[in-house]
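Architecture and fold: a report
One letter stands for each residue in the lines below.
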Amino acid sequence: MFRGLRMTSAECPESSLTNVVRFTKGSSSLCRGLIAAIIEDRNRNREEPMLINALMYSYDLTRHEYKPSHPFKPVRARLMSELLNRYGLISEENQRIVAPPLMDEELLYLFHTREYIELLKKGEKGEVSVEMFRAGLGTEDNPLFKTMYQYALEASSGTYEGAMMLCRGNVRFAFNPFGGFHHAGRDYAGGFCYINDIAVAIADLVRKGQRVAYVDIDAHHGDGVQDAFYKTDRVLNISLHESGETLYPGTGSETETGANEGLGYNVNIPLREGTDDEVYLLAFESLIPSLIESFKPDIVVANIGCDTHKDDPLAHLNLTSNGYKKVISIINDLSPKILALGSGGYNLFRTAALWTLAWAVFCGLQPHDLHSGIVGGMMYGPETDAGQLDDPPYSVGDWEKEQCLVHARRVIDFIKNNIFPLHGITR
Ligand SMILES: [Zn+2]
């Protein structure tokens, strides 16, 4: 577990100031002068409030399981929490661990239909119906299980609370490793996703007048989020993913560019299977900074799924921690406020390690292994993996690299020719 970093009244500035003032009674004029200086310094700091980095985390959520054989494992977040402690990344003054309050169910209807949410509740109680199967429930991907609705709502609550914290004030970055269910539709479940926490949170941010850019670097196309905002220019929706020709959900062609007012605000960057760091970064750096800078979002919602990793068992991309960190770093530099969501990642240790590295980048910290040199310091996993967050460099062979490059360059050209002009971006 984390070391005592929850927001408490004992840690707030007012409490500390009260203690200082109490000390002034009966103290010397020198002391009073020093204390006045301290108070003045605190007041000066208060004019520029400390920007908070928040981790949305609940230990209870890590104990849920769809079913033992299912590849989606909420326990990944607990593995990450252990790594954050091990690498000294969760003890800064400006970091908070927030156990999110349960969100108001009415908010779900900003995206979902009432009929679908009722099906989720019935499914959780053990009821089975034809309507459920039509809604994608009770399948191998989206099994019915005892805490299905409760889990989906609690996981979504972290995303919603993170979004609201960013909207309210002095939070600069929030990360919900339990969020990122980008496949859920208005009235159906898909790809392990029951409630589309992203669409719900973004819809409310937009309702509150925020400009939101959504950047999805999970290996799968963010089809549910695309459908939610396909016809609006209030959300810039960008998804980089393995091509739908080789991976679920089959959508996400570069030709899906939005409709009506949303034309040009839906950007898909499908990549060939086999794509490695170099080719991925070529596509990302050629397109994303220009689009984000042009759109000027108030908040960037970043889906930072880790199934792009070369060791992921479900997708076929070849990224390492080197490319992943670079992409996270670019997102961090481009964005005034960031809500990051865990989403996919089915190699549990690699996912926990990549999330840990992303947290470090977003918080401006360098991981430092506090267990280094301690015999028996290994916590889990193969020893070679458990002792390091980073991967060695990896590149695919010449023939495959060329195929990936040709594919990526074609997509880059299409977007530069068809979407950049709609935003007034010159090449
Ligand atoms: Zn995925």
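The following refers to the structure shown.

Looking only at helices and strands, the protein has 13 helices and 8 strands in total. Out of the 427 residues belonging to the protein, those deemed buried represent 45%. Partitioning the intrachain contacts of the protein with sequence separation of at least 6 by distance along the chain shows that 77% fall at a separation of at least 24.

Now for the packing of helix α10 (residues 321-334) against helix α11 (residues 348-363). In contact at an axis separation of 9 Å, α10 and α11 are set at 35 degrees when each is read in the N-to-C sense. Regarding α10 and α11, the two cross each other, and that crossing is right-handed. Of the residues in α11, those in contact with Ser 321, Tyr 324, Lys 325, Ile 328, Ser 329 and Asn 332 of α10 are Ala 353, Leu 354, Leu 357, Ala 358, Val 361 and Phe 362. Of the residues that constitute the contact of α10 with α11, the class distribution is 8 nonpolar, 3 polar and 1 charged.

To continue, consider the nonpolar core. Residues Ile 202, Tyr 214, Ala 283 and Ala 358 are the most contacted members of the largest nonpolar core, which totals 113 residues. When residues no more than four places from it in sequence are discounted, the contact partners of Ile 202 are Val 212, Tyr 214, Val 235 and Val 301.

The next point concerns the sheet that holds strand β7 (residues 299-303). One open sheet accounts for 8 strands, arranged β2-β1-β3-β8-β7-β4-β5-β6; its pairing is parallel. A strand with exactly one partner marks an edge of an open sheet, and here the two such strands are β2 (95-98) and β6 (266-271). Recorded for the sheet is a direction-independent mean angle of 15 degrees between the axes of neighbouring strands. Sheet topology places strand β5 (residues 235-242) next to β6; 6 bridges connect them, and they run parallel. Residue pairing in the sheet places Ser 239 in a bridge with Asn 268 of β6. Sitting on the sheet, helix α9 (residues 277-295) is in contact with β4 (212-216), β5 and β6, with an inclination near 175 degrees to β5.

Looking now at α10. The end-to-end C-alpha distance of α10, which contains 14 residues, comes to 20 Å, matching closely the 20 Å that a straight helix rising 1.5 Å per residue would cover. Of all the residues in α10, the buried ones are Ser 321, Gly 323, Tyr 324, Val 327, Ile 328 and Ile 331. For α10, the arc enclosing every buried residue in end-on projection is 165 degrees, short of the 170-degree limit, so these residues lie on one face. If you follow the buried residues of α10, they end up packed against β4, α9, β7, β8 (338-341) and α11.

This part covers unusual backbone geometry. Negative phi is the rule for most residues except glycine; trans is the rule for most peptide bonds. The linkage connecting Tyr 248 with the following residue, Pro 249, adopts the cis geometry, with an omega of 0 degrees. Positive phi outside glycine occurs at Asn 260, with the angle close to 50 degrees. Residue placement: Asn 260 occurs in the loop between β5 and β6. Under the C-beta neighbour-count criterion, Asn 260 is labelled exposed, with 9 such atoms within 10 Å. Within the chain, Lys 296 stands out as a residue other than glycine whose phi angle is a positive 55 degrees. Checked against the element boundaries, Lys 296 lands in the loop between α9 and β7.

A separate point is the pairing of strand β1 (residues 52-56). Taken across its 5 residues, β1 has 5 buried, putting it largely inside the fold. In β1, alternate side chains face the same way, and those of Ile 52, Ala 54 and Met 56 on one face and Asn 53 and Leu 55 on the other are all buried. Of the pairings in the sheet, the one linking β1 to strand β3 (residues 171-176) comprises 4 bridges and is parallel in character. Among the inter-strand pairings, Ala 54 is bridged to a residue of β3, identified as Ala 174.

Criteria and cut-off values
Residues numbered from 1 in each chain as written. Predicted model: local features only at pLDDT ≥ 70, side-chain atom pairs only at ≥ 80, totals over all residues. Helix = DSSP H or I, 4+ residues; strand = E, 2+ residues; numbered from the N terminus. Buried ≥ 20, exposed ≤ 12 C-beta atoms within 10 Å, placed from the backbone. Contact = placed C-beta atoms within 7 Å. Axes fitted to C-alpha atoms, helices over the stretch in contact; angles between N-to-C directions. Left-handed = near helix turned anticlockwise from the far one by under 90°. Nonpolar A, V, L, I, M, F, W, Y, C, P; charged D, E, K, R; others polar. Core = buried A, V, L, I, M, F, W, Y, C linked by C-beta atoms within 7 Å. Pairing = 2+ DSSP bridges. Expected span 1.5 Å × (residues − 1). Arc of directions from axis to C-beta.

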